[in-house]
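The residues making up each chain are set out below.
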Amino acid sequence: MPRPGFVLEVDRSTPPSLFWRGENFSLEKLPAGRSRVIYPPEPLPAIKDIDGAIRNALLNPIDQDPLPSLLFPGMKLTICFDDVSLPLPKMRRPDTRQRVIEAVLDMAADAGVEDVHLIAALGLHRRMHEYELRHALGDRIYDAFHPRGMLTQHDAEDPDNLAVIGETPHGEVLEINKRAADSDLVVYVNINSVPMDGGWKSITTGLASYRCLSAHHNGHTLQNTRSLSGHREHSALHQSIWRLGKVLRDHGPKLFQIETTLNTDMFPEQFSFIATREWEWSARERATYLATTKALKRTPIKLARKIFHGMEGPHQMTSIQAGETSAVHEITLEHVYRQQLVPVEGQTDILTMGIPFVCPYNPDGVMNPILVMCMGLGYLFNMYRNKPLVREGGVIIMTHPTYRDFNPVHHPSYIDFFEQVLPDTTDPVVMGQKWEKQFAEDEWFRHLYRTGNAYHGVHPFYAWYWGAHGQQWAGKVIIVGGDPATVRRLGFTPATTMDDAFEIASDVVGRAPTITHLHVPALLVADVS
Amino acid sequence: MGDKRSLTVAQLRRMAKVGDVASSAVQATLKPVRALGFPYRAPTRPKGVVVPEQPSKLGADFDTDWARKAPARAARKVINRGPMQALVQAIASPEVVGLDRLADLKELDPAPAVIFAPNHYSHVDTPLMITSVPEPWRSKLMVAAAADYFFDKKLKGTMAALALNAFPIEREVTTRKSSDQLRKLVDQGWSLVIFPEGGRSPDGWGQEFKGGAAYLAGRTGAPVVPVFIDGTGSIYGKGMKRPKPGKTKVVFGAPLWPEEGENTRRFNSRIEAAVTALGDEALTDFWTARQRAANGTNPKLTGPEFNGWRRQWALAEQRKLGKAGQRRRQNRRWPDLG
Amino acid sequence: MFSRKPARFAAARLAGALMPGRGAAVGPLSLEPDEAPALPTPEWVRLKPRLAGICGSDLALVDGTASAYFDPLVSYPFVPGHEVVADVVAHDGYAHGRHRRVVVIPVLHCAVRGIAPVCAACAAGHTNRCERVAFGHLEPGLQTGFCESTGGGWSTEMVAHPSQLVDVPDDLSDEAAVMIEPTACAVHAAKRYDGSHTAIIGAGTLGLLTLAAIRATSDATGPIIVTARYPEQKRLAKELGADVVCASDELPRWVRSTTHSLVVGDQLTCGCPRVFDCVGSSDSIQQALQVVAPGGEVEMVGMPGNVSLELTSLWHRETAIRGVYAYTRADFDTAIDVVRSAGLERLVSATYPLRDYTDAIAHAANAGRRGAVKIAFDMRSH
């Protein structure tokens, strides 16, 4: 039986805690008596018969007719799926998406459906490489659909392939992929690893136009998006998305949402020390840690990246549910919380977190400085329920090398953002007004997004906006081990060691602050009371 | 004289100094190693956390298969014929009798695997058995060893498996899993030493036989050879701090097979009776023991019914009769009065 | 004194390669007791230099990296120093009523050389393009400071032709005045500015002065991007009116995004119509060609020397590389105003006496890194 997550009070017998440092790790001693470490729950047991569970979900959907009864000859069927940003690291083959879509296609074939189209729901993310599509969908599907042009990637900038569905009372226009809008049935295949994903967000962001997205992805909305736990009362973003979802339900195509949840068994066997509590490290895990960290220190960064991005996690499926979007998402959230929720008592003065080599926006790419900010202040900071782990005005300490390095193929606009926008301002609202339009409408970035493998020109702004709430909330952000000039440009403070960081933090939180360390990944949502 | 004495003191001082230097050098070299904490050393455990039981590889689940592979057998042969035999000879000077009772079995081709069931007084019993069992059994011999005692630590278990070819077995009840494993091994021709008492005698008198040997004989079809070992209790009995060399005697009995329709308990008491009779034989003579056996009046190995000092007193009486009574003559060192 | 000794050139070249400015110690430059040059004609005047700046071209000579092109255009041994502010010494042939503080226009053109009639370029007023710099009654030398006959600013006494003298207004300090000559260069370059989107590569003395000259002489407010390497340079570039100051590797991306350009390979499809290269290295010229707009012009303000370039894009995009050399008297007049209005005396970071010439040259060679711009010799205490 997997143990639930728990909060460790650090005492003098506590071994140092594991921190990610980009493409490496470190062990940091946290002061005894006033520190605590939040450990995620252990991976839940996986579904044994996955294919059976998928069939069962499709045949017995929630608040929706069984999938076979929605399929008829001559219909237009569109199957959309989450892109390469999920799951992280990538899943061992076969990917969940492949299994689910193959099951859907089986039923569609039985029902005599001819016009089937697969769309990668990218939103403004980069187009997937062929090998990534093959990984997510399997060679069978790729070889059958791609040569016939029936497997495409969504393009939020293609005026010919977007259709307006309607408008919310707040004036937000819902504009989505035309093929999906014109379909008799849209099946969405989702993988849920953070609570903010899934639900109406799947289609209203994944298949939306830039115009539609910009209505809710902006500095103002995201400063008012408190926690990404998917609770709409705290999230201006999700309120907007749910309004759009209502429009989609009332005026859009018929939908069939399939959501799956994964357990937190994220890393291959040989990296078992990542998910093991330090005092339970076996001699072998200690040796692996030592060998890994020492070897990585001497490994050229490019090779280290290749090794890490080549990792494939077990990512076993813990649930699958299908049917009406809202109802399905409620159940999904329950499963996500069952896996990720850790009750935590009270806030803390200093929140520490190790930033890994990957975030949702750099699969197979470079974790650039903007993404470090996005991962720390956007994702990890926001993984809470009720209230943030750190008190308002507290200090957030991250560990990451924060090198000034970008992947020019995936993140061309990030480079310009770093060189041109950040020296000018780090304020999300100001940059939104002053700079966003220029990047969003830049012809070159649009070209790279539509034909290359680049994130949309405006994406660095969105990545920055994710961290808006955390940036506003924290009194100081310190990056341990980061390149000083780069860290300063992010508006943060560089520190060489964790002790230095605590020393620097004492200006803000005094000499004996309480410290909480988020022991991630695996992912966890802190339920702070 | 005075000169000599002061010289000695100076020498002592010098030696002490050399010792100091040596130990500080050792300490200095060890210092950086000692300063290394986690993860170079095992982690300490914070207060209040519960560490889940790892599915143990120790105890009855200890993997000893490797110890029956050729390299380990070769190593064991060296150990058994060399240092072990020398040690046994040195402290136990065994006299082995009754081997002729095994001649019939030996004649069979191939000689069947056998379960040796001796009484158990001391740690010396195991090496004594290993060095006393005749060929062809000796080179394919395993020892059933208490899983909780011999296999609780990885190093200890490994050494036991290597040197003694120990096989982990539960003291109280032999589980189906170990008996299945043992059956397979017996089929492959491996013989087994199992102490039916389940452990060393706590007070020098024997204990009741547990059903292990009988049960295994029933399941594997191997004959049980009762063995009586005399004298080891006073050489290195339970609770003794260091061994006290003495003489011992190992008496092999005639092999026993479970009879038609005989249950484990009946067979077990037959084995116990056989060992008791052998014990009587060792102290008296064959015929006396045989007669008493027929009447069921062999002195019980478990000792008299009464407790307390009289039990200890009786033990001393009994030991006087046995091999232990024939203490080796010790070279007394008298003070040099000249 | 700068003499022509091949072995010393080689040593300077080596030392300069090891560390910029080190050529001063081992090279052909040496400090000699003053021997004031004779007056070529009675018309000429004697000057006592007050301050004399160290220019990039001087450093190239000292480190032995200057192009062999100059060898026939100079005459050895010569005293370097062409950024001179000096007092005029009264003497028999030259009487004047009052104390004159002047800066020297160093170009040794026809009029200075006593050549009459003057060459076509001089006749057209382009004295900087004079065709006779190696002829006439003076030894060869394109400027004062490279000619045996005239002496140079790095000394306590030199000679000049009256047509070379520009009076310094009393309100300007010596430090401001020593900036007039380099500023005149920049003013000359700034004439190429057409108000369009402009990039200036390099923020050393020339880059900063070009920026200042453009901002002071033009009313156009077209955006100017300046690349700078060191923090002090960045700060000054911002102060002097750059819209964007960036590192040199950031320039193509800045130009791309501000000119709404696409990219083909490394080449921007659009770019800046005017690029001022104030560095003059292979890399800087190549980068200038990368970011210049089709049909645009790269202005070579820095002295390039022997470079290797990929020029296919120059051919394909019909761009041009055009030199910018020196100045005319009119440029000096403008430069005085620019120096005054932009407060350019702040660019003089340090002055050294002549005897510390190795330190001075080392400082000048590493000016950017050491947070300096212009280093000058100070002869006022002599």
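Everything in this summary refers to the structure shown in the same document. Note that the structure is a prediction, hence the values are computed from the model and not measured. (Residues numbered from 1 in each chain as written. Chains lettered and ligands numbered in written order. Predicted model: local features only at pLDDT ≥ 70, side-chain atom pairs only at ≥ 80, totals over all residues. Heavy atoms only, no water.)

### Quick word on the overall build of chain C
Phase 1 of the analysis: If you tally the helices and strands in chain C, you get 14 helices and 15 strands.
Phase 2 of the analysis: Over its C-alpha trace chain C gives a radius of gyration of 20 Å, about what one expects of a compact globule, namely 21 Å for 382 residues.
Phase 3 of the analysis: Expressed along its principal axes, the backbone C-alpha trace of chain C runs to roughly 65 × 45 × 40 Å.
Phase 4 of the analysis: Across the 382 residues in chain C, those meeting the buried criterion constitute 58%.
Phase 5 of the analysis: Partitioning the contacts of chain C with sequence separation of at least 6, the portion at a separation of at least 24 is 71%.
Phase 6 of the analysis: Only carbon and sulfur atoms are counted for the fraction: they give 53% of the accessible area of chain C, which is about 15,400 Å². (Helix = DSSP H or I, 4+ residues; strand = E, 2+ residues; numbered from the N terminus. Rg over C-alpha atoms; globule rule 2.2 N^0.38 Å. Buried < 20%, exposed > 50% of the residue type's maximum accessible area, 1.4 Å probe, protein only. Contact = heavy atoms within 4.5 Å. Areas by Shrake-Rupley, 256 points an atom, 1.4 Å probe, with all protein chains shown as cover.)

### What about the sheet that holds strand β5 (residues 76-82) of chain A?
All names here are of chain A.
Phase 1 of the analysis: Spatially, the six strands line up as an open sheet ordered β7-β6-β5-β10-β11-β12, and their pairing is mixed. Either end of the sheet is taken by a strand with one partner, and the two such strands are β7 (151-153) and β12 (317-323). On average, adjacent strands in this sheet sit at an angle of 20 degrees to one another, irrespective of strand direction.
Phase 2 of the analysis: Here β5 pairs with strand β10 (residues 185-192) via five bridges, running parallel. Pairing of C80 across the sheet is with Y188, part of β10.
Phase 3 of the analysis: Sheet strands in contact with helix α12 (residues 325-340) are β10, β11 (255-262) and β12, and its direction is about 5 degrees off that of β11. (Pairing = 2+ DSSP bridges. Axes fitted to C-alpha atoms, helices over the stretch in contact; angles between N-to-C directions.)

### Topic: the arrangement of the chains
Phase 1 of the analysis: There are two pairs of chains in contact here, and the one with the most contacts is chains A and B.
Phase 2 of the analysis: The two units chain B and chain C never meet; even their closest C-alpha atoms stay 43 Å apart.

### Notes on the pattern of salt bridges
Phase 1 of the analysis: Applying the stated criterion across every chain, the model contains 63 salt bridges over all chains.
Phase 2 of the analysis: Two residues, E250 of chain C and R404 of chain A, come together in a salt bridge whose shortest N-O distance is 2.4 Å. Here R404 of chain A lies in the loop between β16 (390-399) and α14 (412-421) and E250 of chain C lies in the loop between β8 (244-246) and α10 (251-258), a pairing that spans two chains.
Phase 3 of the analysis: Judged by relative accessible area, E250 of chain C falls into the buried class, the value being 4%.
Phase 4 of the analysis: In this structure R404 of chain A comes out as partly exposed when scored by relative accessible area, which is 38%.
Phase 5 of the analysis: Here D171 of chain C and R340 of chain C are joined by a salt bridge, their closest N and O atoms 2.8 Å apart. (Salt bridge = Lys/Arg side-chain N within 4 Å of Asp/Glu carboxyl O.)

### Here's the deal with the interface of chain A and chain C
Phase 1 of the analysis: The interface is formed by twelve residues belonging to chain A together with eight residues belonging to chain C.
Phase 2 of the analysis: When the two sides are added together, the surface that chain A and chain C hide from each other amounts to roughly 1,000 Å², 48% of it contributed by carbon and sulfur.
Phase 3 of the analysis: Of all residues in chain A, E419, Q420 and W444 of chain A give up the largest surface area on contact with chain C, accounting jointly for 52% of the area buried on that side.
Phase 4 of the analysis: At the junction of chain A with chain C, the criterion picks out five salt bridges.
Phase 5 of the analysis: Close ionic contact of D416 of chain A with R253 of chain C constitutes a salt bridge, the shortest N to O distance being 4.0 Å.
Phase 6 of the analysis: On the surface where chain A and chain C come into contact, there are six residue pairs in polar contact (both at pLDDT 80 or more).
Phase 7 of the analysis: Listed by contribution, the elements that provide at least two residues to the side of chain A that touches chain C are α14 and α17 (443-451) of chain A.
Phase 8 of the analysis: For the side of chain A that touches chain C, the leading source of residues is α14 of chain A, giving four residues.
Phase 9 of the analysis: Of the residues that constitute the side of chain A that touches chain C, the class distribution is four nonpolar, two polar and six charged. (Buried area = accessible area lost by both parts, 1.4 Å probe. Polar contact = N/O pair within 3.5 Å; in protein donor to acceptor, adjacent residues only side chain to side chain. Nonpolar A, V, L, I, M, F, W, Y, C, P; charged D, E, K, R; others polar.)

### Observations regarding unusual backbone geometry
Residue and element names in this part refer to chain A.
Phase 1 of the analysis: Residue L88 is joined to P89 through a cis peptide bond whose omega torsion reads -20 degrees.
Phase 2 of the analysis: Considering the arrangement of structural elements, one finds P89 in the loop between β5 and α3 (96-110).
Phase 3 of the analysis: Omega for the bond connecting R93 with P94 falls within 30 degrees of zero, at 0 degrees, which places this linkage in the cis form.
Phase 4 of the analysis: Looking at where P94 falls in the secondary structure, it is placed in the loop between β5 and α3.

### Regarding the interface of chain A and chain B
Phase 1 of the analysis: Counting residues at the interface gives 17 residues for chain A, matched by 14 residues for chain B.
Phase 2 of the analysis: Across the interface of chain A and chain B, roughly 1,300 Å² is buried in total on both sides, 67% from carbon and sulfur atoms.
Phase 3 of the analysis: Interface area lost by chain A to chain B is led by W279, R286 and L290 of chain A, which between them contribute 39%.
Phase 4 of the analysis: Our count for the chain A to chain B interface comes out at zero salt bridges.
Phase 5 of the analysis: In this structure, the connection of chain A to chain B is made through six residue pairs in polar contact (both at pLDDT 80 or more).
Phase 6 of the analysis: Those elements giving two or more residues to the side of chain A that touches chain B turn out to be β1 (6-9) and α10 (283-297) of chain A.
Phase 7 of the analysis: Element by element, the count of residues in the side of chain A that touches chain B is highest for α10 of chain A, at four residues.
Phase 8 of the analysis: The residue inventory of the side of chain A that touches chain B, partitioned by class, reads nine nonpolar, two polar and six charged.

### Let's talk about the nonpolar core
Side chains of a nonpolar character, in soluble globular proteins, are inclined to be buried together.
Phase 1 of the analysis: Counting 116 residues, the largest nonpolar core has Y361, I396 and F461 of chain A as the members making the most contacts within it.
Phase 2 of the analysis: The element that contributes the greatest number of residues to this core is helix α13 (residues 369-380) of chain A, accounting for nine residues.
Phase 3 of the analysis: Those residues within four positions of I396 of chain A in sequence are excluded, and the remaining contacts are L351, M353, L377, F381, V390, A474, K476, V477 and I478 of chain A.
Phase 4 of the analysis: The next biggest cluster of nonpolar side chains, apart from the first, holds 52 residues, and it includes A190, A213, Y327 and V373 of chain C. (Core = buried A, V, L, I, M, F, W, Y, C linked by side-chain atoms within 4.5 Å.)

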